[in-house]
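In case you want the letters, here they are:
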Amino acid sequence: MIEKIWSGRSWLYIALLPLSALYGLVSGLRRLSYKMGLSRSWKAPVPVIVVGNLTAGGNGKTPVVIWLVEQLQQKGYRVGVVSRGYGGKSEHYPLLVTDDVTTAQAGDEPVLIRRRTGAPVAVAPKRADAIEALLAHVPIDIVVTDDGLQHYALQRDYEIVVIDGVRRFGNGCWLPAGPMRELAGRLNTVNTIIVNGGTAQAGELPMTLKGELAVNLLTGEMRNVTDIPNAIAMAGIGHPPRFFATLQQLGANLQETHAFADHQPYEKSQLLALTNSDQNLLMTEKDAVKCIQFAQPNWWYLPVNAVLPEEEGQKVLNEIRALIPK
């Protein structure tokens, strides 16, 4: 239902417009307060790159973070990552994400980023606290924040906005009548706009998510998606249909699909019930980091990588590298 409301296919959004107006007023006053110096913001001693979005729900932001971290690492830079850690609950903050930290503590995305990149990752509701924890722990040249475009308590040196190219901005209204955290005019103030799927417009960088080899959660075996028989697909991400469509494009032998809420924690019995002895469970990497402790031999995940045009991607990287002191 919420997808119909936000896409403009249901007139129920009209009833929510008063709440949206209130949301817009409060968020606008809050941003103005930071802009005028009435609220204090913190400036990190190293460059801060924000990768965020204007809408609620999944847009492909985390693959962009991973792409950026890996590209900078390949150039020899020491990159740290900070996150709010949505979906996790720790006894203390800031929390440094180590191999022993679970998704229940840190949230799924910080654990995923740490596993994929090996970069130091810290989680805290106040991202300044997370950055200070990283700097006290390891030498850092630059910090990438996973989300946080609207977290104006932290000053930033470069902003990247990721847009779902298929859904884009729906009906264009603020939450809860629409999907917008900030209105589309905010794009005029950011450094780079990346569009995940769909058709990129003028001034936007097209991005695709590429993944072909599934990985077994228990053994690490890699196998083409087409070679996994009787697959049952599941996804607990912001927009599960995107994952299912990717599997179909890759030629996966899908028998059923199951969509779960974004950041949803799983129980072993819950996932065991999805398959029988002749079927394989195929999930996203974001789901896999939450299931690794009780994984079964017939459970697989599909890692994906963000792919950007070479020339435009290098231009973004060069702009960011120019911010790092020599």
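- The protein goes by Tetraacyldisaccharide 4'-kinase in an unreviewed UniProt entry, where it is assigned to Xenorhabdus khoisanae.
- UniProt, in the comment section headed Pathway (unreviewed entry), describes the protein in these words: "Glycolipid biosynthesis; lipid IV(A) biosynthesis; lipid IV(A) from (3R)-3-hydroxytetradecanoyl-[acyl-carrier-protein] and UDP-N-acetyl-alpha-D-glucosamine: step 6/6."
- Recorded in UniProt under Sequence similarities (unreviewed entry), the annotation for the protein is "Belongs to the LpxK family."

### Quick word on the overall build of the protein
In step 1: Within the protein, the secondary structure is distributed over ten helices and 15 strands.
In step 2: For 326 residues, the compact-globule formula gives about 20 Å, and the C-alpha radius of gyration of the protein, at 20 Å, lands near that figure.
In step 3: By principal-axis analysis of the C-alpha atoms, the protein measures approximately 60 × 50 × 45 Å.
In step 4: Looking at the protein as a whole, 51% of its 326 residues qualify as buried.
In step 5: Long-range pairs, those at least 24 residues apart, make up 72% of the contacts in the protein with a sequence separation of at least 6.
In step 6: Total accessible area on the protein stands at roughly 15500 Å², and carbon and sulfur atoms take up 53% of it.

### Section: the pattern of salt bridges
In step 1: Under the definition given, this model contains 17 salt bridges.
In step 2: With its nearest N and O atoms 2.6 Å apart, the salt bridge here joins Lys-43 to Asp-157. In this pair, Lys-43 sits in the loop between helix 2 (13-35) and strand 1 (48-52) while Asp-157 sits in the loop between strand 5 (142-146) and strand 6 (158-164), placing the two residues 114 residues apart along the sequence.
In step 3: A salt bridge links Arg-167 to Asp-164; the shortest N-O distance between them is 2.9 Å.
In step 4: Take Arg-167: its relative accessible area is 22%, and that puts it in the partly exposed class.
In step 5: The class of Asp-164 is buried, set by a relative accessible area of 3%.

### Points about the packing of helix 3 (residues 61-74) against helix 10 (residues 310-321)
In step 1: Direction vectors running N to C along helix 3 and helix 10 enclose 65°, while the axes themselves pass 11 Å from each other. The pairing of helix 3 with helix 10 is recorded here as roughly perpendicular in orientation. Judged by the twist between their axes, the crossing of helix 3 over helix 10 is right-handed. Together, Trp-67, Leu-68, Gln-71 and Leu-72 of helix 3 and Gly-313, Gln-314, Leu-317, Ile-320 and Arg-321 of helix 10 make up the contact between the two elements.
In step 2: For the contact of helix 3 with helix 10, the class distribution of residues is five nonpolar, three polar and one charged.

### Brief notes about the packing of aromatic side chains
In step 1: According to the stated counting rule, one finds three aromatic pairs in the structure shown.
In step 2: Relative to Tyr-266, the ring of Phe-260 lies with its centre 5.3 Å away and its plane at 80°, an arrangement referred to as edge-to-face. A single burial state applies to Phe-260 and to Tyr-266, both of which are buried.
In step 3: The interplanar angle of 85° and the centroid separation of 6.0 Å between the aromatic rings of Phe-294 and Trp-299 together place this pair among those described as edge-to-face.

### Side note on the domain arrangement of the protein
In step 1: Here the domain parsing of the protein yields domain 1 (1-208 + 308-323) and domain 2 (212-303).
In step 2: Inter-centroid distance (C-alpha atoms) of domain 1 to domain 2 is 26 Å.
In step 3: Counting residues at the interface gives 16 residues for domain 1, matched by nine residues for domain 2.
In step 4: Counting the surface lost from both domain 1 and domain 2, the interface buries some 1200 Å², and carbon and sulfur atoms represent 53% of this.

### Points about the nonpolar core
Here is a general trend for soluble globular proteins: nonpolar side chains tend to be buried in one another's company.
In step 1: Of all hydrophobic cores here, the largest spans 36 residues; its most connected members are Ile-49, Val-51, Leu-68, Val-144, Ile-160 and Ile-320.
In step 2: The leading source of residues in this core is helix 3, at seven residues.
In step 3: Grouped together as the second largest cluster of nonpolar side chains are 23 residues, Val-48, Val-50, Ala-130 and Val-143 included.

### Here we look at empty space enclosed by the protein
In step 1: Going through the model one piece at a time under the given rule, you end up with two cavities of 30 Å³ or more.
In step 2: Roughly 40 Å³ of volume is contained in the largest cavity.
In step 3: Residue lining of the largest cavity: Arg-115, Leu-217, Glu-285, Ala-288, Val-289, Ile-292 and Tyr-301, and that is the complete set.
In step 4: Top element by residues in the lining of the largest cavity is helix 9 (residues 285-291). It accounts for three residues.
In step 5: A per-class count over the lining of the largest cavity returns five nonpolar, no polar and two charged.
In step 6: When its volume is computed, the second largest cavity comes out at roughly 30 Å³.
In step 7: Taken together, the residues that form the lining of the second largest cavity break down as four nonpolar, two polar and two charged.

Reading the values: rules and limits
- Residues numbered from 1 in each chain as written.
- Predicted model: local features only at pLDDT ≥ 70, side-chain atom pairs only at ≥ 80, totals over all residues.
- Heavy atoms only, no water.
- UniProt positions renumbered as here; feature names shortened; annotations may be inferred.
- Helix = DSSP H or I, 4+ residues; strand = E, 2+ residues; numbered from the N terminus.
- Rg over C-alpha atoms; globule rule 2.2 N^0.38 Å.
- Buried < 20%, exposed > 50% of the residue type's maximum accessible area, 1.4 Å probe, protein only.
- Contact = heavy atoms within 4.5 Å.
- Areas by Shrake-Rupley, 256 points an atom, 1.4 Å probe, with all protein chains shown as cover.
- Salt bridge = Lys/Arg side-chain N within 4 Å of Asp/Glu carboxyl O.
- Axes fitted to C-alpha atoms, helices over the stretch in contact; angles between N-to-C directions.
- Parallel < 35°, antiparallel > 145°, perpendicular 65-115°, else oblique.
- Left-handed = near helix turned anticlockwise from the far one by under 90°.
- Nonpolar A, V, L, I, M, F, W, Y, C, P; charged D, E, K, R; others polar.
- Phe/Tyr/Trp six-rings, centres within 6.5 Å; stacked < 30°, edge-to-face > 60°.
- Domains from an automatic or database assignment.
- Buried area = accessible area lost by both parts, 1.4 Å probe.
- Core = buried A, V, L, I, M, F, W, Y, C linked by side-chain atoms within 4.5 Å.
- 1 Å grid on protein atoms, 1.4 Å probe; cavity = no way out; pocket = protein on both sides within 12 Å on 5 of 7 lines; lining within 4 Å.
- Points joined across faces, edges and corners; volume = space filled by probe spheres on them.

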